[in-house]
Structures are given as C-alpha cells and as structure tokens.
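# Coordinate inspection notes
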Amino acid sequence: MTAHLEVAEGVGTIRLDRPPMNALDIATQDRLKELAEEAARRDDVRAVVIYGGEKVFAAGADIKEMQAMDHAAMVVRSGALQDSFTAVARIPKPVVAAVTGYALGGGCELALCADFRIAADNAKLGQPEILLGLIPGAGGTQRLSRLVGPSKAKDLIFTGRHVKAEEALTIGLVDRVVPAAEVYEQAHAWAARLAQGPAIALRAAKESIDAGLQTDIDTGLAIERTWFAALFATEDRERGMRSFVEEGPGKAKFV
C-alpha cells in the first residue's frame, strides 16, 4: 500500500509510504480518500496526524503519470483528485500535518487540508505547478489563498517558488517550526492532547469555523448558534460543566 493508517492513544496516523519522494499518483490519491474516510468513521480515532516520514512529506503529483493524460482524461480524473484531498479536509476531528522535507504541489495541498501544520526546520513548501504550465488542481488556489491571503497566495502560485520553513511560519503557511527529529513527536503530542477532548464539541468547532469561512457572517453565526445549542444535549457538556462547578476549570474527563 502507498499509504496506511496506524492508531495509538486515540490518534490515527495516516502515513504516506511511496519512496523515495511520496509522489502522489492516482493509487495514492485514492488510498488517501479511503484512509480519510476510515479515520472519520472510526470511534477509536479521535484526532489525526498526516505524515510522510522522516525525510519527505510529499514532493507532489506523479508527473510521468500525468504527462500521459490528455484533456479528456483529466476532465474525468480532476474531480476524483479533488475529492481525495477534500476527504482529508472534511475529517470531522482535529488533523495536524507533520511536514518534513519537501511539501510541494500536491504535497503542499495535502498539508493545507490539515487544521494545524508543524514543519521541520528544513522543510520547503510551495505550489510549483506554474512551472509545468499548470495551476494547482487539488485545492491549492482555494485553500492557500484562504490561509495566507490572496496576495501572498498569488506570489507563491504565480512564481512557483519554494518557501523555506521560517518564511512559511512568517506568512502563516505553517503554525510551528521545530527540529526535524521532533516533527512527528510534536504533531502526535498535539493530536493526542486533543484526542482527550470532547469529540462532538471539537467536531462542532471545526465545522462552524470551516463552514462559516465559506459564507457571510450572518449565516456563519447561524451555524455556530445551531451547534452551540445542540451541544447542550451531550453528556460531555454535562460532564464539563459539572466538573467546572465542582472541581474548577480544565479538569473534566470526557467520554
């Protein structure tokens, strides 16, 4: 398999495994969709890490495979390509990308699907599709611009240049830069911490933020209001408030 799912301590790690560069060919794209959907439905997975290994996250699509495709073939394939990444973005649980080495093209787009990105100090990210006479096709024009703003997204997409870890941190493309040897450990720790939280409330928070960003503020507030009220029907809400009153803040144990 070109990718697999490992579960420990409530954290599911989706591990890319297509040496040497984790090129995202069609088989890997389809496998990512399967694993994202599996992680979404499994009760023992409460948070997710996306990881490419110690040396490289993912260096982009399989160019040789794409070169053989014509317009008609890509019209058919492009929807499935986007669906595989959207499945990762829609995992209703906290997702962190542990980025080592190169995260280029589809690799950068995969990292953009996470809620939080921890990068190695030697990481390089970018959307170099323009150098092939293309544009990003797995969400890069949309997710990157929403994350770093349209001007900076145009800079990266128009030029195709690579961004080193420190610049990526400065522009908000990644959220934390750590020594390369600590990337997975810190990503897993972040996910494990959230795996102990109230699962339905975390899902509500993620959906409210993500869905709200796609609409006007009044609709976003309606989404928030609906979820806020709905959480009053959960056992976690009862536990959280009871613990706060009886023991003080931050001591609740959620189910």
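A few points on the structure. Only a predicted model underlies this, so the values are computations on that prediction, with no experimental measurement involved.

### Side note on the pattern of salt bridges
- What the rule picks out here adds up to 13 salt bridges.
- The shortest N-O distance in the salt bridge between Lys-206 and Asp-115 comes to 3.0 Å. With Lys-206 in helix 9 (residues 199-212) and Asp-115 in the loop between helix 4 (106-112) and strand 6 (116-120), this residue pair connects regions lying 91 residues apart in the sequence.
- On the basis of relative accessible area, Asp-115 is assigned to the partly exposed category, the value being 33%.
- A salt bridge links Arg-239 to Glu-235, with the nearest nitrogen and oxygen atoms 3.1 Å apart. Here Arg-239 pairs with Glu-235, and both are found in helix 11 (residues 235-247), just 4 residues apart, close to one helical turn.
- Given a relative accessible area of 29%, Arg-239 falls into the partly exposed group.

### Some remarks on the layout of surface pockets
- Considered as a void within the structure, the largest pocket measures approximately 1000 Å³ in volume.
- Surrounding the largest pocket, 35 residues form its lining, Ala-89, Cys-113, Arg-143, Asp-210 and Gln-214 being those nearest its centre.
- Elements with a contribution of two residues or more to the lining of the largest pocket: helix 3 (71-89), helix 5 (140-148), helix 8 (183-195) and helix 9.
- When residues of the lining of the largest pocket are assigned to their parent elements, the largest contribution, 8 residues, is made by helix 9.
- Tallied by class, residues from the lining of the largest pocket come to 17 nonpolar, 8 polar and 10 charged.
- Counted as a void, the second largest pocket has a volume near 610 Å³.

Cut-offs applied
Residues numbered from 1 in each chain as written. Predicted model: local features only at pLDDT ≥ 70, side-chain atom pairs only at ≥ 80, totals over all residues. Heavy atoms only, no water. Salt bridge = Lys/Arg side-chain N within 4 Å of Asp/Glu carboxyl O. Helix = DSSP H or I, 4+ residues; strand = E, 2+ residues; numbered from the N terminus. Buried < 20%, exposed > 50% of the residue type's maximum accessible area, 1.4 Å probe, protein only. 1 Å grid on protein atoms, 1.4 Å probe; cavity = no way out; pocket = protein on both sides within 12 Å on 5 of 7 lines; lining within 4 Å. Points joined across faces, edges and corners; volume = space filled by probe spheres on them. Nonpolar A, V, L, I, M, F, W, Y, C, P; charged D, E, K, R; others polar.

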